[in-house]
Amino acid sequence: MYTLLANNQWKLFLLSSIDEVGKIDQFVDEIPPVRRLKEDKLYFLKLSLHELVTNAIIHGNRCEIQKKVTITLTIEPERILFSISDEGNGFTRELYERSISAHSSSAVGGRGLR
């Protein structure tokens, strides 16, 4: 399900389908140092990953199933680092600023970058 890159780093590759988001919990649960987290910390880690991966699938890869989303988790003595990457076109600073100013803080969506 995942690739162990080193003693402290794991990588998971997902297809750009919302169905793939369900694999995140099992991935996180299989990493020994993460299993020792308190329940609330584990919940927020999984929630963060779900939100970021969903955004990468929908906004980054535009749900193009052949494009991948990659989660990399790195365990350090005092912290857990994670990165999410997709195969989308990205965006410029100008597009980011325009998007932020176009959405109010009470909008249903569009708050991901904020």
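Since we're looking at a predicted model, the values are computed, not measured.

Novice: How should I be thinking about the overall build of the chain in this particular structure?
Specialist: Looking only at helices and strands, one finds four helices and four strands in the chain. The buried share of the chain, reckoned over its 114 residues, is 26%. Within the chain, counting contacts between residues at least 6 apart in sequence, those at least 24 apart form 52% of the total.

Novice: I would appreciate a short explanation of the sheet that holds strand β3 (residues 68-76) in the present structure.
Specialist: Either a parallel or an antiparallel arrangement is found when strands of a sheet pair, and the pairing is made through backbone hydrogen bonds. In spatial order, the strands read β1-β2-β3-β4; together these four strands make up an open sheet with antiparallel pairing. Each edge of the open sheet carries a strand with a single partner, namely β1 (3-6) and β4 (79-85). Averaged over all pairs of adjacent strands, the angle between strand axes in this sheet comes to 20°, irrespective of strand direction. The pairing of β3 with β4 spans seven bridges and is classified as antiparallel. Note that in β4 the partner of Ile75 across the bridge is Ile80. Each of β2 (9-15), β3 and β4 is contacted by helix α3 (residues 39-60), which is oriented at about 15° to β4, the strand it contacts most.

Novice: Before we go on, may I ask you to explain the nonpolar core in this structure?
Specialist: One recurring pattern in soluble globular proteins is that nonpolar side chains are buried together. Counting residues in each nonpolar core, the largest one holds 19 residues, and the members touching the most others are Leu14, Ile24, Phe27, Val28, Val34, Val53 and Ile71. Contributions of two or more residues to this core are made by β2, α1 (23-29), α3 and β3. Broken down by element, the residue count for this core peaks at six residues, all from α3. Leu14 has contacts with Glu20, Lys23, Ile24, Val53, Lys67, Lys68, Val69 and Ile71, leaving out every residue within four places of it along the chain.

Novice: How do you make sense of the side chain of Thr74 when you look at a structure like this?
Specialist: When you line up the elements, Thr74 lands in strand β3. Leaving out residues up to four positions away in the same chain, Thr74 has contacts with Asn8, Gln9, Arg79, Ile80 and Leu81.

Novice: Can you help me understand the side chain of Thr72 in this one?
Specialist: Here Thr72 shows up in strand β3. Those residues in contact with Thr72, other than ones at most four positions away along the chain, are Gln9, Trp10, Lys11, Leu81, Phe82 and Ser83.

Novice: Would you take a moment to explain the pattern of salt bridges for this structure?
Specialist: When charged atoms on two side chains of opposite charge get close, those side chains can pair. Enumeration over the complete set of coordinates arrives at six salt bridges. Salt-bridge contacts for Glu97 lead to Arg93; the nearest nitrogen and oxygen are separated by 3.1 Å. Of the two residues, Glu97 and Arg93 both sit in helix α4 (residues 93-102), four residues apart, roughly one turn of that helix. Residue Arg98 pairs with Glu94 through a salt bridge whose shortest N-O separation is 3.9 Å. Taken as a pair, Arg98 and Glu94 lie in helix α4 at a separation of four residues, close to a single helical turn. Residue classification places Glu94 among the exposed positions, given a relative accessible area of 54%.

The rules we used
Just so you know, the residues in each chain are numbered from 1, in the order the chain's sequence is written. Restriction of local features to residues with pLDDT of at least 70 applies here, the model being predicted, together with a cutoff of 80 or more for giving and counting side-chain atom pairs; totals for whole chains, interfaces and linings are based on all residues. As a rule here, side-chain values cover all heavy atoms of the structure and leave hydrogens and water aside. Secondary structure follows DSSP: runs of H or I at least 4 residues long count as helices, runs of E at least 2 residues long count as strands, and numbering of each begins at the N terminus. Throughout, exposure labels follow a simple rule: accessible area from a 1.4 Å probe, protein chains only, divided by the maximum for the residue type, with under 20% read as buried, over 50% as exposed, and the rest as partly exposed. Residues are treated as being in contact if the distance between any of their heavy atoms lies within 4.5 Å. Here the rule is simple: two strands pair whenever DSSP picks up at least two bridges between them. Note on method: axes are straight lines fitted to C-alpha atoms, helices fitted across the in-contact stretch only, with angles between N-to-C directions ranging 0 to 180 degrees. Only buried residues count toward a nonpolar core. Its members are Ala, Val, Leu, Ile, Met, Phe, Trp, Tyr and Cys residues joined through side-chain atoms within 4.5 Å. Whenever Lys or Arg places a side-chain nitrogen within 4 Å of a carboxyl oxygen from Asp or Glu, that contact is recorded as a salt bridge.

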